[in-house]
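Survey of secondary and tertiary structure
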Amino acid sequence: MRVGNGLLGAHPSLWQDHDGVYHGIDADLLTELTRRMGLPRSEFVITEWSTIVPGLKARRWDIVLSDVHITQEREVMGHVRFSIPYFMLYDYVIVPQDSPIHSLADLKGKTIGSVLGTNDSATAHRLVEQGMGAAVADYDTFGDPFLALHNRQIDAVVVDQGTLHAQQAHFAGLRTVGGPIFYTPKPKWASAQAAAPYRLGSEGVVVRPACTDLLAVINHALQDMHEDGTIRTILKRYGVWEPQQDHLLKTSGQD
């Protein structure tokens, strides 16, 4: 099974050691999927992020396992199918340990850093619109806002928990403010997302729409991995398991 991935070098998702061996959440998930699907082997095909879905449609790889968010817009407009979710991203407000900011209300009048074009940036801008923060400074890479925070050029950073975990290896003395901040859908897709069974921010394996048998086998394997605790073990191995990861599908009354 050939597996498209556009995240090589992104901790804790996927990276290689000096011997070329893959490590990370995606690598461990693929190892388990390969075994549970009864396949003799599988291999990552590393590509640019922009070619992930086009390459799938062109049959250059059989599935995509690359931290792709499940959205109704992507299913409908992108003409792809997603597996059940295996992981969920959400945002945190991050400040230095000695910051006077201890609640979202304390962000009033403050500058929040994030990364241009990401869901994290959308969260930061939404906080400002709600009066929690005065302005957003958007940066080009995920390390830039943390460097600006370290240099006291901004007051807080908003990124997802996976990015936070990766940046903590480079920037010490960080803490989060409040709890997780979950993503909100685009207004045009709000109704469709409300009716979807998964929580927004969830990630899934991507397949071509015609591959219904393949999707069913992947879903069966992922469901077993949820039930026997394998996914929880993998996420704990990389320091990104939190209780929310056990509730990626909505229950009655949740939005």
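Residues numbered from 1 in each chain as written. Predicted model: local features only at pLDDT ≥ 70, side-chain atom pairs only at ≥ 80, totals over all residues. Heavy atoms only, no water.

As annotated in an unreviewed UniProt entry, the protein chain is Amino acid ABC transporter substrate-binding protein from Komagataeibacter nataicola.

As for its placement among the helices and strands, Leu222 is situated in helix H8 (residues 212-227). Separated by 18 residues in the primary sequence, Leu222 and Gly204 place their C-alpha atoms 9.8 Å from one another. Look past the residues within four positions of Leu222 in its chain and what remains in contact with it is Leu33, Ser83, Ile84, Tyr86, Val205 and Ile231. (Helix = DSSP H or I, 4+ residues; strand = E, 2+ residues; numbered from the N terminus. Contact = heavy atoms within 4.5 Å.)

All right, on to the side chain of Ser66 then. In this structure, Ser66 sits in strand E5 (residues 63-69). Looking at Ser66, the relative accessible area reads 0%, which means it is buried. Among the polar contacts listed, one links the side chain of Ser66 to the backbone nitrogen of Gly6, at a separation of 2.9 Å. Look past the residues within four positions of Ser66 in its chain and what remains in contact with it is Gly4, Asn5, Gly6, Leu7, Asp26, Trp49, Ile52 and Tyr86. (Buried < 20%, exposed > 50% of the residue type's maximum accessible area, 1.4 Å probe, protein only. Polar contact = N/O pair within 3.5 Å; in protein donor to acceptor, adjacent residues only side chain to side chain.)

Let's shift gears to the pairing of strand E13 (residues 202-207). Of all 6 residues in E13, 6 are buried, a share of seventy percent or more. Pairing analysis gives 2 bridges linking strand E7 (residues 87-88) to E13, with the strands arranged antiparallel. What sits directly across from Met88, in E13, is Ser202. (Pairing = 2+ DSSP bridges.)

Here we take up helix H9 (residues 230-237). All of the buried residues along H9 are Thr230, Ile231, Ile234 and Leu235. Buried positions in H9, seen along its axis, are confined to an arc of 130° and lie on one side of it. Looking at the buried positions of H9, the neighbouring elements they touch are helix H1 (25-36), E7 and H8. One or two steps after H9, the chain reaches Gly239, where phi turns positive at roughly 75°. (Arc of directions from axis to C-beta.)

A word on the confidence of the model for the protein chain. Interpretation of this model should avoid reading the predicted coordinates in detail wherever pLDDT is low. Averaged over every residue, the pLDDT of the protein chain is 94; the share at 70 or more is 98%. Averaged over each element, pLDDT in the protein chain is lowest for helix H6 (residues 161-167) (90) and highest for H1 (98). (pLDDT = per-residue confidence, 0-100.)

Following the criterion strictly, the structure yields 9 salt bridges and no others. Glu43 is the salt-bridge partner of Arg2, the closest N and O atoms lying 3.0 Å from each other. Here Arg2, found in strand E1 (residues 2-5), pairs with Glu43, found in strand E4 (residues 43-46); they are 41 residues apart in sequence, far enough to count as distant. For Glu43, a relative accessible area of 27% gives the class partly exposed. A salt bridge links Arg152 to Asp98; the nearest nitrogen and oxygen atoms lie 3.2 Å apart. (Salt bridge = Lys/Arg side-chain N within 4 Å of Asp/Glu carboxyl O.)

This part is about the nonpolar core. Ranked by internal contacts, the top residues of the largest apolar core, which has 31 residues, are Leu29, Leu33, Tyr86, Val205, Ile218 and Leu222. Formed by 14 residues, the second largest nonpolar core is a distinct cluster that contains Ile94, Leu149, Ile154 and Phe171. (Core = buried A, V, L, I, M, F, W, Y, C linked by side-chain atoms within 4.5 Å.)

On any regular strand, side chains alternate: one points to one face of the sheet, the next to the other face. Here strand E8 (residues 91-96) lies mainly inside the structure; 6 of its 6 residues are buried. Direction of pairing for E8 relative to strand E11 (residues 156-160): antiparallel, over a ladder of 4 bridges. The residue of E11 that forms the bridge with Val93 is Val158. Strand direction decides the pairing type here: E8 and strand E12 (residues 174-181), joined by 5 bridges, are antiparallel. Considered in E12, the bridge of Val95 is made with Arg175.

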